[in-house]
Amino acid sequence: KSAKIKDIAADMFIFGSEHLRRREQLGYSCKPATVRAKRQMLDCIVQQFGEYDLADVKIADVFNYLMRQSRTFGWKNRFISTLRDVYQQATFDGMNIPTPDFPTFKGASRKADPFNDDELPLLLNRKNFSCERNYLLFLLITTAGLRVSEARAFQARQFLPDLQMILVDGFMDGANKIRNPYNKCGSKENPKWRLVLIPEITATVLAAFLAENR
């Protein structure tokens, strides 16, 4: 087979392909949103380096390109990760091309800056929100630690008022607009549900909202 990056990448991250079946067996995520994001990044790699023979790609070539991009460190690291996928695919195509030791970009870390007792009541003031629903959505995210997709998927049955807890048992898949019956890092086989204690303010607002809206 050709060792050009564009040829190695041609059948990668394509739904129904041998490449995705192999990745699934190896335990990599093959969720539709992940596959689409990977394919989009792969197209970017092919656009820039597609005519290169894989063995001729130098770390300096890749980093000189990435340094010129006005992108986040996360985007640049995903570029490198997807390029590593190309090297892995080459081994399954029968090519013995070692993967260069690409370093990754490090973002500037910031010390956590939590709200204090004076700031939190100002933030959680009902007057800051256009409706009760938005207020409740924000409360669930901030006081129960829910992801936005988990808060959007929230259903009345998840509220356990006697325990002042909620059961987190699903999230909204934004791409497909469906509610998955498992949590973000889980699966149908291992849903990774969790119970979360909520403060009194959240329990009170939630109970009132559910009663009013039946």
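Scroll up for the structure.
These figures come from a predicted structure and were not determined experimentally.

Undergrad: I keep staring at the overall build of the chain and nothing clicks. Help me out?
TA: Within the chain one finds nine helices and five strands. Traced from its N-terminal end to its C-terminal end, the chain shows the element sequence α-α-α-α-α-α-α-α-β-β-β-β-β-α. Computed over C-alpha atoms, the radius of gyration of the chain comes to 23 Å, more than 25% over the 17 Å expected from 2.2 N^0.38 for 214 residues, which places it beyond the range of a compact globule. Summarising its shape, the C-alpha atoms of the chain cover approximately 65 × 35 × 25 Å along the three principal directions. Per-residue burial for the chain yields a buried fraction of 35% across its 214 residues. For the chain, the accessible surface area stands at approximately 13700 Å², while carbon and sulfur atoms represent 52% of it.

Undergrad: Help me understand the environment of Val-168 in this model?
TA: Structurally, the position occupied by Val-168 is in strand 2 (residues 165-168). Using a relative accessible area of 2% as the deciding quantity, one classes Val-168 as buried. It is 5.7 Å that separates the C-alpha atoms of Val-168 and Trp-193, two residues lying 25 residues apart in sequence. Excluding its chain neighbours within four sequence positions, the residues that come into contact with Val-168 are Leu-146, Glu-150, Gln-158, Asn-183, Trp-193, Arg-194 and Val-196.

Undergrad: Can you walk me through the nonpolar core in this structure?
TA: Of all hydrophobic cores here, the largest spans 29 residues; its most connected members are Leu-54, Val-62, Leu-66 and Phe-79. Of all the secondary structure elements, the ones that give two or more residues to this core are helix 1 (5-9), helix 3 (32-49), helix 4 (59-67) and helix 5 (73-92). For this core, the element with the most residues is helix 5, which contributes seven residues.

Undergrad: What is the right way to look at the pattern of salt bridges in this model?
TA: Oppositely charged side chains can pair when the atoms bearing their charge come close. Per the counting criterion, the structure on display carries eleven salt bridges. A salt bridge links Arg-194 to Glu-150, with the nearest nitrogen and oxygen atoms 2.8 Å apart. With Arg-194 in strand 5 (residues 194-197) and Glu-150 in helix 8 (residues 148-152), the pair connects residues that are 44 residues apart, well separated along the chain. For Arg-194, a relative accessible area of 27% translates into the label partly exposed. Glu-150 gets classed as buried once you look at its relative accessible area, which sits at 2%. Across the salt bridge formed by Arg-179 and Asp-169, the nearest N and O atoms sit 2.8 Å from each other. Taken together, the positions of Arg-179 in strand 4 (residues 178-180) and Asp-169 in the loop between strand 2 and strand 3 (171-173) put the pair ten residues apart, joining distant regions of the chain.

Undergrad: Please explain helix 3 as it appears in this structure.
TA: Over its 18 residues, helix 3 extends 25 Å from the first C-alpha to the last, a length consistent with the 26 Å expected when each residue adds 1.5 Å. Turning to helix 3, its buried residues are Val-35, Lys-38, Arg-39, Met-41, Leu-42, Cys-44, Ile-45 and Phe-49. Each element contacted by the buried residues of helix 3 is listed here: helix 1, helix 2 (18-25), helix 4 and helix 5.

Reading the values: the criteria
Residues numbered from 1 in each chain as written. Predicted model: local features only at pLDDT ≥ 70, side-chain atom pairs only at ≥ 80, totals over all residues. Heavy atoms only, no water. Helix = DSSP H or I, 4+ residues; strand = E, 2+ residues; numbered from the N terminus. Rg over C-alpha atoms; globule rule 2.2 N^0.38 Å. Buried < 20%, exposed > 50% of the residue type's maximum accessible area, 1.4 Å probe, protein only. Areas by Shrake-Rupley, 256 points an atom, 1.4 Å probe, with all protein chains shown as cover. Contact = heavy atoms within 4.5 Å. Core = buried A, V, L, I, M, F, W, Y, C linked by side-chain atoms within 4.5 Å. Salt bridge = Lys/Arg side-chain N within 4 Å of Asp/Glu carboxyl O. Expected span 1.5 Å × (residues − 1).

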